[in-house]
Amino acid sequence: MLGIIGQAIFCTASRQRDRVCSAARSRVGKLAMARPMDRYEFESDNTAAICPESWAALAEANAEGAASYGDDKWTRRVSERVREIFETDCEVFFVFNGTAANSLALAQLCRSFHSVICHEHSHIETDECGAPEFFSGGSKLLPIPGANGKLDLAQVEAAILRQRGVHSPKPRVISITQSTELGTVYRGEEIERIAEFARQRSLFLHMDGARFANAVAALDCAPKAITWKAGVESLCFGGTKNGTAAGELVVFFKKELAREFDYRAKQAGQLASKMRFLAAPWAGLLNNNVWLENARRANERAKMLAEKLTSALGMKPAFPCEASAVFLRMPEQLVAQLHGRGWHFYKFIEPDIYRLMCSWSVTEEDIDDFIKDVKSSAGTLS
Ligand SMILES: Cc1ncc(COP(=O)(O)O)c(C=O)c1O
């Protein structure tokens with residue numbers, strides 16, 4: 001049933017996709033006489049609409065009642081599909097957002113006196129308001145520098161050696177982000193190297209996969225090749241940035257690590273009573289590999305944006321553009337001009353590195369509009 005509906009949706013999806021984008025544009029366009037039109041396309045992949053396939057699956061789930069707290073066909077089918085995609089018998093849990101997914105997964109792997117090694121720009125370090133520390137009852141994050149958003153094992157080793165036995169929190173987990181916060185992608189061999197390093201020191205390997213789909217699409221690999229086969233024990237698999245409204249998956253590839261995680265999620269307020277409405281949009285993503293199509297589209301748009309910025313304006317990305325984000329050094333005056341023209345995006349790294357993020361819904365026209373505005377804004381600067 002899900003498969004047939006998925007097929008039908010698949011055929012009309014790109015037309016619907018373009019309609020969603022242009023309807024939004026023309027609605028906003030009517031307001032444009034008073035002030036510049038707000039353009040959120042590059043601010044974040046959170047600003048995108050729900051993709052048509054997830055929206056349709058949600059509508060289908062809404063057509064009837066069902067058992068609560070995950071005892072429903074949508075939750076079961078998505079969990080089964082995740083096992084199929086990863087080609088292994090793993091444990092799958094739904095939580096509401098990425099912060100909850102990361103925090104609870106890390107809390108599951110740690111005790112209060114442990115620490116989590118992560119990149120200094122990792123979302124868990126910079127953007128989760130101490131939630132990993134809170135939910136683990138005190139596990140400290142150990143932020144480590146590394147080029148292009150990736151962990152540098154020499155720096156990790158040095159940080160471990162700096163720990164002072166019982167006086168320091170005991171390192172227990174290495175957390176990596178895939179794709180990284182700086183728009184790069186760990187290759188399978190890099191993950192294997194980190195996993196081997198972790199294994200030799202009895203550390204778990206956790207992956208923040210808020211943009212896992214973008215990494216799989218970029219590497220064109222089997223999902224297992226950059227997760228459990230490479231040594232990742234727990235993955236937070238993101239759907240929100242890929243096309244759903246909410247609901248992330250916490251996956252444990254070693255089933256024993258998931259022991260009593262359902263209680264942990266419930267205690268943290270992360271057990272959805274109407275779980276089918278978190279699960280159904282995921283069915284929309286995972287059927288017919290829409291998740292990969294969405295991710296490929298976002299990655300292609302980021303590449304196109306980077307290429308046009310370079311060829312038309314000589315602006316080179318600050319980090320390799322390997323997934324869905326482009327990072328640029330920009331002078332403040334140019335940024336002010338672009339903001340004045342309605343473009344929303346923000347500074348990611350001081351003093352002058354800005355992030356332009358692409359989602360599944362960014363169009364070539366959006367990119368051309370942006371390039372045009374960068375060109376004419378740059379032309380007015382002295
Ligand atoms: C790398 C990364 N991890 C996790 C998240 C999830 O965050 P949230 O709690 O806002 O869903 C985000 C969102 O921006 C992210 O960029």
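Predicted model, so just to flag it, every value in this text is computed and none were measured. (Residues numbered from 1 in each chain as written. Predicted model: local features only at pLDDT ≥ 70, side-chain atom pairs only at ≥ 80, totals over all residues.)

Draft legend 1. Representation of the overall build of the protein in the model. In terms of helices and strands, the protein carries 14 helices and ten strands. Against the compact-globule benchmark of 21 Å for 382 residues, the protein has a radius of gyration of 21 Å, which places it among compact chains. When the backbone C-alpha atoms are referred to their principal axes, the protein occupies close to 60 × 55 × 35 Å. Within the protein, residue pairs in contact and separated by at least 24 positions form 80% of the contacts whose partners lie at least 6 positions apart. (Helix = DSSP H or I, 4+ residues; strand = E, 2+ residues; numbered from the N terminus. Rg over C-alpha atoms; globule rule 2.2 N^0.38 Å. Contact = placed C-beta atoms within 7 Å.)

Draft legend 2. Layout of the sheet that holds strand β3 (residues 140-144). The mixed open sheet is built from seven strands, whose spatial order is β1-β7-β6-β5-β4-β2-β3. Each edge of the open sheet carries a strand with a single partner, namely β1 (91-95) and β3. Averaged over all neighbouring strand pairs, the angle between strand axes comes to 25°, with direction disregarded. When strand β2 (residues 114-119) meets β3, the two strands line up parallel, connected through five bridges. Looking at the pairing, H119 lines up with I144 of β3. Helix α7 (residues 153-162) contacts β2, β3 and β4 (170-177) of the sheet and is inclined by roughly 135° relative to β3. (Pairing = 2+ DSSP bridges. Axes fitted to C-alpha atoms, helices over the stretch in contact; angles between N-to-C directions.)

Draft legend 3. The arrangement of the site of the ligand in detail. As a structural note, the neighbourhood of the ligand is formed by N97, G98, T99, H123, T177, E181, D208, A210 and T240. Partitioned by chemical class, the residues of the shell around the ligand number one nonpolar, six polar and two charged. (Near = placed C-beta within 6 Å. Nonpolar A, V, L, I, M, F, W, Y, C, P; charged D, E, K, R; others polar.)

Draft legend 4. Representation of the pairing of β2. Most of β2 is tucked away: six of the six residues are buried. The two faces of β2 match: H114, V116 and C118 on one face and S115, I117 and H119 on the other face are all buried. When β2 meets β4, the two strands line up parallel, connected through four bridges. In the sheet register, H114 faces β4, and the bridge partner there is K170. (Buried ≥ 20, exposed ≤ 12 C-beta atoms within 10 Å, placed from the backbone.)

Draft legend 5. The arrangement of the sheet that holds strand β8 (residues 325-329) in detail. Read across the sheet, three strands follow the order β8-β10-β9 without closing on themselves; strand pairing throughout is antiparallel. Both edges of this open sheet fall to β8 and β9 (346-349), since each of them pairs with a single strand only. Direction aside, neighbouring strands of the sheet carry axes that sit 45° apart on average. In the sheet, β9 pairs with strand β10 (residues 353-357) via three bridges, with the strands oriented antiparallel.

Draft legend 6. Broad picture of the confidence of the model for the protein. Averaged over all residues, the pLDDT of the protein is 92; the fraction at 70 or higher stands at 91%. Counting interchain partners and residues more than four positions distant, the pLDDT-below-50 stretch residues 1-13 has 14 contacts. Ignoring residues within four places in sequence, the model shows residues 18-32, a span with pLDDT below 50, making ten contacts including any to other chains. (pLDDT = per-residue confidence, 0-100.)

Draft legend 7. Focus on the environment of E256. Looking at the element boundaries, E256 is found in the loop between β7 (248-252) and α10 (261-267). In this structure E256 comes out as exposed when scored by C-beta crowding, with 7 C-beta atoms within 10 Å. Separated by 176 residues in sequence, E256 and E80 have C-alpha atoms that sit 18 Å apart.

Draft legend 8. View of unusual backbone geometry. Put simply, Q178 and S179 share a cis peptide bond, and its omega is -10°. Mapped onto the elements of the fold, S179 is located in the loop between β4 and α8 (188-200). With a phi angle near 55°, Y69 is a residue other than glycine that sits in the positive phi range. Along the chain, Y69 falls in the loop between α2 (52-61) and α3 (73-86). Residue Y69 is classed as partly exposed on the basis of its 14 C-beta neighbours within 10 Å.

Draft legend 9. Main features of helix α14 (residues 364-380). In this model, α14 (17 residues) spans 25 Å end to end at C-alpha, consistent with the 24 Å of a helix rising 1.5 Å per residue. In this fold, the buried residues of α14 make contact with α12 (290-313) and α13 (332-340). (Expected span 1.5 Å × (residues − 1).)

Draft legend 10. Seen up close, the environment of Y186. Here Y186 shows up in the loop between β4 and α8. Each residue touching Y186, except ones within four places of it in the same chain, is listed here: K150, I176, Q178 and I191.

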